[in-house]
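Fold and contact review
Read off the chains here:
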Amino acid sequence: MAQPDLPTLAELHARGAAQQPSYPDRGAVDDVVARLRTSRPLVLPHECDQLTDKLAEVARGEAFLLQGGDCAETFAGVTADNTRNKLRVLLQMAVVLTYAASVPVVKLGRLAGQYAKPRSSDLETRVVDGEKTTLPAYRGDAVNGYDFTPESRVPDPARLLEVHRTSAATLSMIRAFIAGGYADLRKVHHWNTDFVADSVAGQRYEAMAFEIDRAMSFMQAIGADPDEFHQVDFHISHEALVLEYEHAMTRVDAGVDERAAYDLSGHFVWIGERTRQLDGAHVELLSRVRNPLGVKLGPTTSADDAIALASRLNPDNTPGRLTFITRFGAGRIRDGLPEVVDKVTAAGLQVAWVCDPMHGNTFEASSGYKTRRFEDVIEEVQGFFDVHRQLGTWPGGVHVELTGDDVTECVGGGEELLEADLGDRYESVCDPRLNRVQSLELAFLVAEMLRARST
Ligand code: PEP
Ligand code: CO
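Overview of the structure. Note that the structure is a prediction, hence the values are computed from the model and not measured. (Residues numbered from 1 in each chain as written. Chains lettered and ligands numbered in written order. Predicted model: local features only at pLDDT ≥ 70, side-chain atom pairs only at ≥ 80, totals over all residues. Heavy atoms only, no water.)

**Observations regarding the coordination of the cobalt ion (ligand 2)**
Definition in use: Counted as coordinating are nitrogen, oxygen and sulfur atoms within 2.8 Å of the metal, or 3.2 Å for Na, K and Ca, while water is not included, which may make sites look incomplete. Where helices and strands are cited, they refer to DSSP runs of H or I of at least four residues and of E of at least two residues respectively, numbered from the N terminus. Each residue is assigned to one of three classes by its accessible area relative to the maximum for its type, calculated with a 1.4 Å probe on protein chains only: buried under 20%, partly exposed between the two thresholds, exposed over 50%.
Surrounding the cobalt ion (ligand 2) are the protein donor atoms C71 (SG), H359 (NE2), E401 (OE) and D431 (OD), which sit 2.1 to 2.4 Å from the metal. Mapped onto the sequence, the donors of the cobalt ion (ligand 2) take the spacing C-x287-H-x41-E-x29-D. In this pair, C71 is assigned in the loop between β1 (64–69) and α4 (80–101) and E401 in strand β14 (residues 397–401), connecting sequence segments 330 residues apart. Each member of the pair C71 and E401 is classed as buried.

What follows is the structure in structure tokens.
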């Protein structure tokens, strides 16, 4: 298939791409890439364009983005229950934000493709049977195995085929849940089941669900039954990290515009904090595709960096094309973010601003678990809202690592999870996620921040 403007994989690698697996057998990689190139796309170009239009509303201050899911999906975690639970917590959060803050919410899963992880170190050391052992770091199920053995940690390109298969399975479950009416607003009570229903946030949600029910009954009594009650728009996203996979899934869609390439592995793809070098392979590849894009901006980002990224990735200044996902950390956002937002805005650049309150707030608990304090997460979102309020810009959304299950990975929150509790149910293979109760609490707190903004 002709790909008019696309650089080849070799050209991308020649840029010295960061955070790539060191595959031992290049021939095996080439075989996998050839198979992926003819695999079926996971999403379609017009769906990506629809999401761009929705994100344009976010960029204009007319809608709020809720993006969430695991830090790292795993192949073993792809079950109908797991997928439904994640969809359910996102739907609950979206309802809270929409109802409590009267803002349309764009729902974007961090799932169906989130299998590759950048790492701060290439190696991991653990004590095994009393001996210090060092092996290649786990880079996500897309690359190698989580088990701490030499065999499991060797990067295996065949895993990319499994990424495609499991992502397709997750997405088809999501599409089926939605088509089957799971996301129908009349199910607003049904989403509030099991452990969450007894929590304070769950009770608060239940009270709100009654009000929504009453409002819907009233609407129906007067003969109004808008489609929005029954349908939901839901899109998928992941970090575009492994070049082999993203390049092979990038297709030129002749039906739309024969010069338009889309990365059809997901609707929205983002570039991580560690791979956003201006002349790097990731920026180069994604500058050529027409999907809506995100870029993570960490605490060392200068306003000039952000402006240069916007010029490279969105030269036409199309609203909705580019989302900056800031992740400065609770202690640095108030100092670092204003200049970036101010100068990008002064340059007339159309971007959506989204807060990732997770990745700047990770620390290691004394027990060795990687964790985050719920209070730091909230503090960063509050800082994000305050900065945007001062500058008169729109705090466009939140990007969160969460799960629909009752895990114990982040400390604090209404249930006051302690560091000593982390071992009870710590399941993440990478970063700690908010559990379902903490996620709902976050939604109520963010809804209050949104409401305070409009008063
Ligand atoms: C992530 O989103 O899991 C991640 C690694 O983020 P960042 O690139 O911001 O560090
Ligand atoms: Co993470």
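That was the structure; now back to the text.
**A short note on the pattern of salt bridges**
Counted only if it meets this: In the sections that follow, a salt bridge refers to a side-chain nitrogen of Lys or Arg positioned within 4 Å of a carboxyl oxygen of Asp or Glu.
Applying the stated criterion across every chain, the model contains 30 salt bridges. Close ionic contact of K296 with D356 constitutes a salt bridge, the shortest N to O distance being 2.9 Å. Of this pair, K296 sits in strand β9 (residues 293–297) while D356 sits in the loop between β11 (352–355) and β12 (363–364); the two residues are 60 residues apart in sequence, bridging distant segments of the chain. Exposure remark for K296: the relative accessible area of 5% places this residue in the buried category.

**So, unusual backbone geometry**
Negative phi values dominate among residues other than glycine, just as trans dominates among peptide bonds. For A112, which is not a glycine, the phi torsion comes out positive at approximately 60°. On the secondary structure map, A112 appears in the loop between β2 (105–110) and β3 (123–128).

**Points about the site of ligand 1**
As a reminder of what qualifies: Note on definitions. A residue lies near a molecule or strand when any single heavy atom of the residue is within 4 Å of it. Definition of a polar contact: a pair of N or O atoms within 3.5 Å, with one able to donate and the other able to accept a hydrogen when the atoms are protein atoms, and with sequence-neighbouring residues admitted only if both atoms are side-chain atoms. Here, Shrake-Rupley sampling with a 1.4 Å probe gives the accessible areas, and only protein chains in the shown set may cover a residue. Think of it as three bins: nonpolar holds Ala, Val, Leu, Ile, Met, Phe, Trp, Tyr, Cys and Pro, charged holds Asp, Glu, Lys and Arg, and polar takes everything else, Gly as well.
In the vicinity of ligand 1, the contacting residues are C71, R110, K117, P118, G272, E273, R274, K296, R327, H359 and E401. Between R110 and ligand 1, the recorded distance is 2.7 Å, taken from a side-chain N or O atom to an oxygen atom. Here H359 contributes a side-chain N or O atom positioned 2.9 Å from an oxygen atom of ligand 1. For ligand 1, the protein covers 98% of the area, taking 300 Å² as the surface of the free molecule. Partitioned by chemical class, the residues of the shell around ligand 1 number two nonpolar, two polar and seven charged.

**A short note on helix α5 (residues 158–179)**
What counts, and what does not: Here the expected length of a helix is defined as 1.5 Å per residue gap, with one fewer gap than residues. Only heavy atoms matter for contacts: two residues are in contact if any of them lie within 4.5 Å across the pair.
Spanning 22 residues, α5 covers 32 Å between terminal C-alpha atoms, matching the ideal 32 Å at 1.5 Å per step. Those residues of α5 that sit buried are L160, V163, H164, T166, S167, A168, T170, L171, M173, I174 and I178. Against the buried residues of α5 lie α2 (26–37), α4, β5 (234–239) and α8 (243–248). Immediately beyond the C-terminal end of α5, within one or two residues, lies G181, with a positive phi of roughly 90°.

**Comments concerning the pairing of β1**
Definition in use: With strands facing away from the observer, any crossover in which the path from the first strand over the helix to the second runs clockwise is taken as right-handed. For two strands to count as paired, DSSP must find a minimum of two bridges between them.
Counting buried positions along β1 gives six out of six residues, so the element sits mostly inside the fold. Residue alternation in β1 divides its side chains into two sets, F64, L66 and G68 and L65, Q67 and G69, and both sets are buried. Handedness of the β-α-β unit built from β1, α4 and β2 comes out right-handed. Pairing geometry for β1 and β14, over five bridges, is parallel. Within the sheet, the bridge partner assigned to L65 lies in β14 and is G397.

**Here we look at the nonpolar core**
Put simply, the test is: The definition of a nonpolar core used throughout is a set of buried Ala, Val, Leu, Ile, Met, Phe, Trp, Tyr and Cys residues joined through side-chain atoms within 4.5 Å.
Core analysis: the largest hydrophobic core is formed by 113 residues, its most contacted members being F64, Y205, F324, W353, L442 and L450. Counting residues per element, this core draws most heavily on α4, at 11 residues. Beyond its immediate chain neighbours, meaning those up to four positions away, L450 contacts F64, L97, A101, V103, F385 and W394. Ranked by size, the runner-up nonpolar core spans 13 residues in total, among them L51, L55, I325 and A352.

**Describing the packing of helix α11 (residues 333–346) against helix α12 (residues 374–391)**
Stated precisely, the cut-off is as follows: Note on geometry: axes are C-alpha line fits, over the in-contact stretch for helices, and angles between N-to-C directions span 0 to 180 degrees. Reported orientations rely on four angle classes, namely roughly parallel under 35 degrees, roughly antiparallel over 145, roughly perpendicular from 65 to 115, and oblique for the rest. When the near helix sits turned anticlockwise from the far one by under a right angle, the crossing is termed left-handed; a clockwise turn instead gives a right-handed crossing.
Put simply, α11 and α12 touch, their axes get as near as 9 Å, and they point 40° apart. Here α12 runs oblique to α11, going by the angle between their axes. Seen along the crossing, α11 lies across α12 with a hand that is right-handed. Facing α11, whose interface residues are I333, R334, L337, P338, V341 and D342, α12 presents E379, E380, Q382, G383, F384, D386, V387, H388 and L391. Classifying every residue of the contact of α11 with α12 by side-chain character gives seven nonpolar, three polar and five charged.

So yeah, pure geometry; function would need other evidence.
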